[in-house]
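As a plain string of letters, each chain reads:
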Amino acid sequence: GENVEQHPSTLSVQEGDSAVIKCTYSDSASNYFPWYKQELGKRPQLIIDIRSNVGEKKDQRIAVTLNKTAKHFSLHITETQPEDSAVYFCAALLGFGNEKLTFGTGTRLTIIP
Amino acid sequence: GAVVSQHPSWVICKSGTSVKIECRSLDFQATTMFWYRQFPKQSLMLMATSNEGSKATYEQGVEKDKFLINHASLTLSTLTVTSAHPEDSSFYICSARDGQVASTDTQYFGPGTRLTVL
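These numbers come from a predicted model, not from an experiment. (Residues numbered from 1 in each chain as written. Chains lettered and ligands numbered in written order. Predicted model: local features only at pLDDT ≥ 70, side-chain atom pairs only at ≥ 80, totals over all residues. Heavy atoms only, no water.)

Digging into the interface of chain A and chain B
Tallying the contact residues gives 19 residues for chain A and 24 residues for chain B. Across the chain A to chain B interface the summed buried area is about 1,600 Å²; carbon plus sulfur atoms make up 51%. A salt bridge links Lys100(A) to Glu59(B); its shortest N-O distance comes to 3.2 Å. Going through the elements one at a time, strand E4 (32-38), strand E5 (45-51), strand E9 (86-95) and strand E10 (98-103) of chain A are the ones with two or more residues in the side of chain A that touches chain B. Per-class residue counts for the side of chain A that touches chain B are 8 nonpolar, 4 polar and 7 charged. (Contact = heavy atoms within 4.5 Å. Buried area = accessible area lost by both parts, 1.4 Å probe. Salt bridge = Lys/Arg side-chain N within 4 Å of Asp/Glu carboxyl O. Helix = DSSP H or I, 4+ residues; strand = E, 2+ residues; numbered from the N terminus. Nonpolar A, V, L, I, M, F, W, Y, C, P; charged D, E, K, R; others polar.)

If you want it as structure tokens, here you go:
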């Protein structure tokens, strides 16, 4: 099955600086990679996703890059704000009829005002 | 659009009792729903995949007789924790995929149900 590793587990960033979270996956057949933001006691919310036929995707201050050869993908948050503080999870989906998402272990991001 | 609700949002029960959690897709039809369990400060662990009109597929290590799943309609899946024990206390979250959009893999999550077993 798929295995997703996520680093770092915690990250503190000064407000206004950039934050980068990295994930690696094991199954080269995985073709869909979403990122979720989860605030304490709340549901995970999709913030951005990327498919295997694309190398980079951007949505305002958030971007995701994918390196299929190396089997890793990264979340980039620029101009961080206090409201970006949360736990972020990456995930990978095998596709081809397998709809199961495999989640990374999460990164607790703290934005320091 | 793509809203998923869960009920109840929290529940406290005595050891040995059963608890039912409902997951509904409010504005789309979900042929597939997923049930996750999340312990404090941990990631989401998939428990089972629920398919409308058929038996659920359970992940390894998840007891299907303890965690009963029923997906009787395209908008409702239920998870029943039978004979609950304190170690079942957790945050249970469902997600759903819009079955009418064949090209989407996006899963939308419910708000979760916090179960505390005394």
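There is more to say, and it comes next.
Points about the sheet that holds strand E1 (residues 4-7) of chain A
Residues and elements named next belong to chain A. Taken together, 5 strands build an open sheet; the order of strands is E1-E3-E8-E7-E6 and the sheet is antiparallel. The open sheet has two edge strands with one neighbour each: E1 and strand E6 (56-59). Ignoring which end each strand starts from, the neighbouring axes of this sheet average 15 degrees apart. One ladder, built from 4 bridges, connects E6 with strand E7 (residues 62-67); its direction is antiparallel. (Pairing = 2+ DSSP bridges. Axes fitted to C-alpha atoms, helices over the stretch in contact; angles between N-to-C directions.)

Focus: the state of the cysteines
Summed over all chains, the structure comprises 2 disulfides over all chains. Residue pairing for Cys23(A): its cysteine sulfur links by disulfide to Cys90(A), the two sulfurs lying 1.9 Å apart. Across the disulfide from Cys23(A) to Cys90(A), rotation about the S-S bond amounts to roughly -100 degrees, and the bridge is consequently left-handed. Of this pair, Cys23(A) sits in strand E3 (residues 19-25) while Cys90(A) sits in strand E9, and the two are 67 residues apart along the sequence. Its relative accessible area of 0% is what places Cys23(A) among the buried residues. Two residues share a disulfide in this structure: Cys23(B) and Cys94(B), whose sulfurs sit 2.0 Å from each other. Because the sign of the S-S torsion sets the handedness, a value of about 80 degrees for the bond joining Cys23(B) and Cys94(B) places this disulfide among the right-handed ones. Of this pair, Cys23(B) sits in strand E3 (residues 19-25) while Cys94(B) sits in strand E9 (residues 90-97); the two residues are 71 residues apart in sequence, bridging distant segments of the chain. The class of Cys94(B) is buried, set by a relative accessible area of 0%. For Cys13(B), which is in no disulfide, the shortest distance to another cysteine sulfur is to Cys94(B) and amounts to 18 Å. (Disulfide = S-S within 2.5 Å. Buried < 20%, exposed > 50% of the residue type's maximum accessible area, 1.4 Å probe, protein only.)

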